[in-house]
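# An overview of the molecular structure
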Amino acid sequence: MHALTELLDGKDVDRGLAERLLASAGLTEFQWRVYRVVLSIPRGSTLSYGEVAELAGSPRAARAVGNAMRRNPFPLIVPCHRVVRSDGSPGGYAGPRGMKERLLKMEGTM
């Protein structure tokens, strides 16, 4: 319950909790690496799909990163909205229309 309160207060969920949740999600090794990179993106910052791919050890897998973001099992905990296109535009989001942009604006990155 404490983690939910922190999330609603605009804080990121504790990384240890996030990793425990991800460990129970039946992820592929690639998804695991990608989500760990995304967990490291600080509030108010973004990375491109290509940058996430490179940091996850698969520099030519930007499209696969996008697919992993679309399949994010915990979008409130793994902040996939912080992953954007290389030109800085938001790119896709599996949530409600306009939500990614609103989240980025709330964090001051858009």
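Just above, that's the structure.
A quick note: this is a predicted structure, and the numbers were derived from the prediction, not measured.

### What to know about the overall build of the protein
Counting secondary structure elements, the protein contains six helices and two strands. Going from N to C terminus, the protein has its helices and strands arranged as α-α-α-β-α-α-β-α. The 110 residues of the protein split such that 34% are buried. Partitioning the contacts of the protein with sequence separation of at least 6, the portion at a separation of at least 24 is 53%. In the protein, which carries 16 positive and 11 negative side-chain charges, the distance between the mean positions of the two groups comes to 7 Å.

### Section: the nonpolar core
One recurring pattern in soluble globular proteins is that nonpolar side chains are buried together. Ranked by internal contacts, the top residues of the largest apolar core, which has 23 residues, are V34, Y35, V38, V52, V65, M69 and V83. Among the elements that make up this core, the one with the highest residue count is helix α3 (residues 29-39) (six residues).

### Some thoughts on the packing of α3 against helix α5 (residues 62-70)
At their nearest, the axes of α3 and α5 sit 10 Å apart, and the two run at 80° to each other. Our classification of the angle between α3 and α5 gives roughly perpendicular. Between α3 and α5, the residues in contact are F30, Q31, V34, Y35 and V38 and A64, V65, A68 and M69, respectively. When its residues are assigned to classes, the contact of α3 with α5 shows eight nonpolar, one polar and no charged.

### Concerning the packing of helix α2 (residues 15-23) against α3
The relative placement of two packed helices is expressed as an angle between their axes plus a distance between the axes. As a packed pair, α2 and α3 sit with axes 11 Å apart at the nearest point and diverge in direction by 160°. Looking at the two axes, α2 sits roughly antiparallel to α3. With respect to the hand of their crossing, α2 and α3 are arranged in right-handed fashion. Of the residues in α3, those touching α2 at R15, A18, E19, L22 and A23 are W32, Y35, R36 and L39. For the contact of α2 with α3, the class distribution of residues is six nonpolar, no polar and three charged.

Cut-off values and rules
- Residue positions are counted from 1 within each chain, in the order its sequence is given.
- Local features are withheld for residues below a pLDDT of 70 in this predicted model, meaning they are given only at 70 or higher, and side-chain atom pairs are given and counted only at 80 or more; totals for whole chains, interfaces and linings count all residues.
- Side-chain metrics rest on all non-hydrogen atoms present in the structure, leaving aside hydrogens and water.
- Think of it this way: any DSSP run of H or I at least four residues long counts as a helix, any run of E at least two long counts as a strand, and we number them from the N terminus.
- Classification of residues uses two cut-offs on accessible area relative to the type maximum, computed with a 1.4 Å probe and protein chains only: under 20% is buried, over 50% is exposed, and between them is partly exposed.
- In what follows, residue pairs with any heavy atoms lying within 4.5 Å of each other are defined as contacts.
- By the counting rule applied here, Lys and Arg register as positive and Asp and Glu as negative, while His and the ends of each chain are not counted.
- By convention, the charge on Lys lies at NZ, on Arg at CZ, on Asp at CG and on Glu at CD.
- Joining through side-chain atoms within 4.5 Å is the link that ties buried Ala, Val, Leu, Ile, Met, Phe, Trp, Tyr and Cys residues into a set, and such a set is a nonpolar core.
- Helix axes are fitted only over the stretch in contact, all axes being lines through C-alpha atoms; the angle between N-to-C directions runs from 0 to 180 degrees.
- When an angle is under 35 degrees it counts as roughly parallel; over 145 it counts as roughly antiparallel; between 65 and 115 it counts as roughly perpendicular; any other value is oblique.
- Residues are grouped as follows: Ala, Val, Leu, Ile, Met, Phe, Trp, Tyr, Cys and Pro are nonpolar; Asp, Glu, Lys and Arg are charged; all remaining types, including Gly, are polar.
- By convention, the crossing between two helices is left-handed when the near helix turns anticlockwise from the far helix through less than a right angle, and right-handed when the turn is clockwise.

Everything listed here is a matter of geometry and, on its own, says nothing about what the molecule does.
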